Amino acid sequence: MTTTASGNDVALALIAQDIMFLRRFAHSVTAAPEQAVVPIFCMHNYMCLIIHESHRALRHVNPDLADVLAYDCTPAIERARHSAKLYDDKYKGLADVSADFRRIIDEHRQEFLNKTWLPLARPLEKDLVLWRFRGRLVSTSHTASFFLALPPQSFQNLDVLGPEVRAIAVEQGSYIAAAANGLPWEGRSFLDTVQKTDLTEKEVRAEKHYQRSFDPVLPEEVKASLTAMTCALNTVDLLLADDTGYSSAFSVWKLRYIVLHHVLSSLRKLDEQHGAELCPPDRALLKEILNAPTSILILQAHGGFRNTLMHYRPERRVEEQLSLHAPFYGLLDAYFPADEARSLGDGLASHTARVADRMHAWSGG
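Everything quoted here is computed from the prediction, not taken from an experiment. (Residues numbered from 1 in each chain as written. Predicted model: local features only at pLDDT ≥ 70, side-chain atom pairs only at ≥ 80, totals over all residues. Heavy atoms only, no water.)

Peer 1: Help me understand the sheet that holds strand β2 (residues 136-140), please; the structure alone is not making it clear to me.
Peer 2: Strands belonging to one sheet form pairs held by backbone hydrogen bonds; the direction of such a pair is parallel or antiparallel. The antiparallel open sheet is built from 3 strands, whose spatial order is β2-β1-β3. The open sheet has two free edges, formed respectively by β2 and β3 (199-204), since each of these has just one partner strand. Across this sheet, the average inter-strand angle for adjacent strands is 30°, counted without regard to direction. In this sheet, β2 lies alongside strand β1 (residues 128-133) in antiparallel orientation, the contact comprising 4 bridges. Of the residues in β2, the one forming a bridge with Leu-130 is Thr-140. (Pairing = 2+ DSSP bridges. Helix = DSSP H or I, 4+ residues; strand = E, 2+ residues; numbered from the N terminus. Axes fitted to C-alpha atoms, helices over the stretch in contact; angles between N-to-C directions.)

Now the structure itself:
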């Protein structure tokens, strides 16, 4: 028989799960920094989300601990955690995100193109870097610029960029290390399984790359934002997949849910604005993603469930249904009928893989 837990107990347990997950990642970054630059790109906004929201929750749940964990760089962390929402941010919709990517594309073009003194060689210049993990796109220089607010000059050389990115990770790591103090965080991280050959880098001409991506009717900046969604899906589908430890299970599940929620919500907004313009095969592919039963379930899910995953503090009205010893702390069963709770709990990973596969196909690979 399980016993109920207070909302504060559940919030602290959820925070501890995520902090220990990040602590293992931060430890692996320190152990193998040369392989960590691109994974840091992929994880940055989720690290910022966990840092910001855990500290915010602790101010209510454990104010003394929150005071000890106070951190700097609040605006940068705040911006990064909002960027995970893509078009789903209540302050920035599709047009605003598109404008951000338009600026990033133009800045990178200005920085990298028309620099060769020999005009005949200028068609060979590149202004976009693609990073793949085991053949799937997990980041680009445009995506990293959007999530990390890095200027185009940062991407001149990965050897220069690496220390800059690791410096950001060190700041995040100081909070994570302090928050994990006393928690049994030790263990393997997904980064421990990454081999040097798993990550590949390719420089391309952005204009040509986006011409081959997604539907021809979509503006280049919208294609860049769709590329960021594809990278996010591949990150949680592939990069995190090797973290199969029990201690990471909830955090990995949560990140998949959050990514799917924001990607699906963003794609629905894309469909509302551009769906009628798409060619029939692309419109059918988009509808296939949005009309899948698990997609509909995630899009219709009760806001209280998503808010608890994001902000840690459960609603008082469901506290009697929660337990520290129940799967997902009883949250799924508190918000969903039994069959839907099972479907989400057991099927989220496979649905993430399906949506990632469809987006990969739509992007042209």
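Peer 1: Can you help me understand the environment of Lys-196 in this one?
Peer 2: Tracing the chain through its elements places Lys-196 in the loop between α7 (158-180) and β3. In this structure, the C-alpha to C-alpha distance between Lys-196 and Glu-34, residues 162 residues apart in sequence, is 8.7 Å.

Peer 1: Teacher, can you tell me more about the pairing of β2 here?
Peer 2: Along a regular strand, successive side chains alternate from one face of the sheet to the other. Within β2, 5 of the 5 residues are buried, which leaves the element mostly enclosed by the surrounding structure. Following β1, the chain reverses through 2 residues before pairing antiparallel with β2; Arg-134 in that reversal takes a positive phi of roughly 50°. (Buried < 20%, exposed > 50% of the residue type's maximum accessible area, 1.4 Å probe, protein only.)

Peer 1: Explain the packing of helix α12 (residues 293-300) against helix α15 (residues 338-362) to me, please; I cannot follow it from the model alone.
Peer 2: Two measures define how a pair of helices packs: the angle their axes make with one another and the distance between the axes. Between α12 and α15, whose axes approach to 10 Å, the crossing angle comes to 115°. The handedness of the crossing between α12 and α15 is left-handed. Contacts from Thr-294, Ser-295, Leu-297 and Ile-298 of α12 reach α15 at Glu-340, Ser-343, Leu-344, Leu-348 and His-351. For the contact of α12 with α15, the per-class residue count stands at 4 nonpolar, 4 polar and 1 charged. (Left-handed = near helix turned anticlockwise from the far one by under 90°. Contact = heavy atoms within 4.5 Å. Nonpolar A, V, L, I, M, F, W, Y, C, P; charged D, E, K, R; others polar.)

Peer 1: How should the packing of aromatic side chains be read in this particular structure?
Peer 2: Any pair of aromatic rings gets described here by the distance separating the centres and the angle formed by the planes. Counted under the stated rule, the structure contains 14 aromatic pairs. With 5.8 Å between their ring centres and 70° between their planes, Phe-250 and Tyr-329 make a pair best called edge-to-face. Remark: Tyr-329 occurs in the loop between α13 (303-311) and α14 (331-335) and Phe-250 occurs in helix α10 (residues 249-274); sequence separation between them is 79 residues. For Phe-250, a relative accessible area of 10% corresponds to the buried category. You can call Tyr-329 buried: its relative accessible area is 10%. Over the face of the ring belonging to Trp-185 we find Arg-23, whose NZ or CZ atom lies 4.0 Å from the ring centre. (Phe/Tyr/Trp six-rings, centres within 6.5 Å; stacked < 30°, edge-to-face > 60°. Lys NZ or Arg CZ within 6 Å of the ring centre and 35° of its normal.)

Peer 1: Could you clarify how one ought to interpret a positive patch on the surface in this entry?
Peer 2: Judged by side-chain charge, Lys-126, Lys-202, Lys-208 and Arg-212 come together as a positively charged surface patch. In this structure, Lys-208 sits in helix α8 (residues 206-211). (Patch = residues over 30% accessible without salt bridge, like charges linked within 9 Å, V, L, I, M, F, W, Y side chains within 5 Å. Areas by Shrake-Rupley, 256 points an atom, 1.4 Å probe, with all protein chains shown as cover. Salt bridge = Lys/Arg side-chain N within 4 Å of Asp/Glu carboxyl O. Lys, Arg positive; Asp, Glu negative; His and termini not counted. Charge placed at Lys NZ, Arg CZ, Asp CG, Glu CD.)

Peer 1: Would you take a moment to explain α13 for this structure?
Peer 2: Each α-helix winds once per 3.6 residues, and so residues spaced three or four apart point in a common direction. All of the buried residues along α13 are Gly-304, Phe-305, Arg-306, Thr-308, Leu-309 and Met-310. Buried residues along α13 sit against α1 (7-31), α2 (37-61), α10 and α14. Of the residues flanking the end of α13, it is Tyr-312, one or two places downstream, whose phi is positive at about 80°.

Peer 1: Just checking my understanding: could you explain the pattern of salt bridges for this structure?
Peer 2: Side chains that differ in charge, positive against negative, can pair when their charged atoms come close. One pass over the structure, following the stated rule, counts 18 salt bridges. Glu-221 is the salt-bridge partner of Arg-102, the closest N and O atoms lying 2.9 Å from each other. Here Arg-102, found in helix α5 (residues 94-112), pairs with Glu-221, found in helix α9 (residues 220-239); they are 119 residues apart in sequence, far enough to count as distant.

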